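A look at the structure
What follows is each chain in one-letter form.
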Amino acid sequence: MAYVTISIGGRAYRMACDDGQEDHLSGLGEEVDARIDQLRVAFGEIGDQRLSIMAAITIADELSEARRRIQALEQEATAERAARSAATRRLDETEARVARGVSAAAERLERLTRELGTSPSSGVGMG
């Protein structure tokens, strides 16, 4: 277990975190401190607790919006996968129809060749 001291609103807080997460936690503390400073500039000195609550609500709102956007993107990705799957099925069906058509045409050509008395391999007519 590692410890980091972060400064928010001019006060130092010693926080525990997993080993290797010290820089991440310090960065989060800096973001919260910056948010509180922005609110202090916008609203003046309305009290540390109020500024902290406003910062927390603002961050929670951003998190909520990010989650909503992630959910929308996940739904879009699911729809795209379904569309791609449907397109692949249609392509497979089209390829199968084309292959059947080519095979049927080849069979007709072979039958016509036999009816005309021409060997398909020689290409020479008997008539």
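Residues numbered from 1 in each chain as written. Predicted model: local features only at pLDDT ≥ 70, side-chain atom pairs only at ≥ 80, totals over all residues. Heavy atoms only, no water.

For the chain, the name recorded in an unreviewed UniProt entry is Cell division protein ZapA, with Ancylobacter dichloromethanicus as its organism. Quoted verbatim from the Subunit (unreviewed entry) heading of the UniProt record, the comment on the chain is "Homodimer. Interacts with FtsZ." Here is the UniProt Subcellular location (unreviewed entry) comment for the chain, exactly as written: "Cytoplasm". (UniProt positions renumbered as here; feature names shortened; annotations may be inferred.)

A word on the UniProt feature "coiled-coil region" (unreviewed entry) in the chain. The positions UniProt marks with the feature "coiled-coil region" (unreviewed entry) are residues 56-90. From the first C-alpha to the last, residues 56-90 spans 50 Å; its make-up is 100% helix and 0% strand. (Helix = DSSP H or I, 4+ residues; strand = E, 2+ residues; numbered from the N terminus.)

On to the nonpolar core. A2, V4, I6, I8, C17, L25, I36, L39, L51 and A55 form the largest nonpolar core, which has 10 residues in total. For this core, the secondary structure elements donating two or more residues are β1 (2-8), α1 (22-43) and α2 (48-116). Setting aside residues no more than four positions away along its own chain, A2 makes contact with M15, A16, C17, D18, D19 and E22. (Core = buried A, V, L, I, M, F, W, Y, C linked by side-chain atoms within 4.5 Å. Buried < 20%, exposed > 50% of the residue type's maximum accessible area, 1.4 Å probe, protein only. Contact = heavy atoms within 4.5 Å.)

Counted under the stated rule, the structure contains 6 salt bridges. The closest approach of N and O atoms between D37 and R40, which form a salt bridge, is 3.4 Å. One end of the pair, D37, and the other, R40, are both in helix α1, 3 residues apart, so they sit about a helical turn from each other. A salt bridge links R40 to D48; its shortest N-O distance comes to 3.2 Å. Looking at R40, the relative accessible area reads 18%, which means it is buried. Among the ionic contacts, a cluster of salt bridges with common partners joins R11, D37, R40, E45 and D48. (Salt bridge = Lys/Arg side-chain N within 4 Å of Asp/Glu carboxyl O.)

We now examine the side chain of D33. Topologically, D33 is positioned in helix α1. Buried and unpaired, D33 has R40 as its nearest opposite-charge partner, separated by 6.0 Å. Discounting residues that sit within four places of it in the chain, D33 has contacts with S7, I8, G9 and G10. (Lys, Arg positive; Asp, Glu negative; His and termini not counted.)

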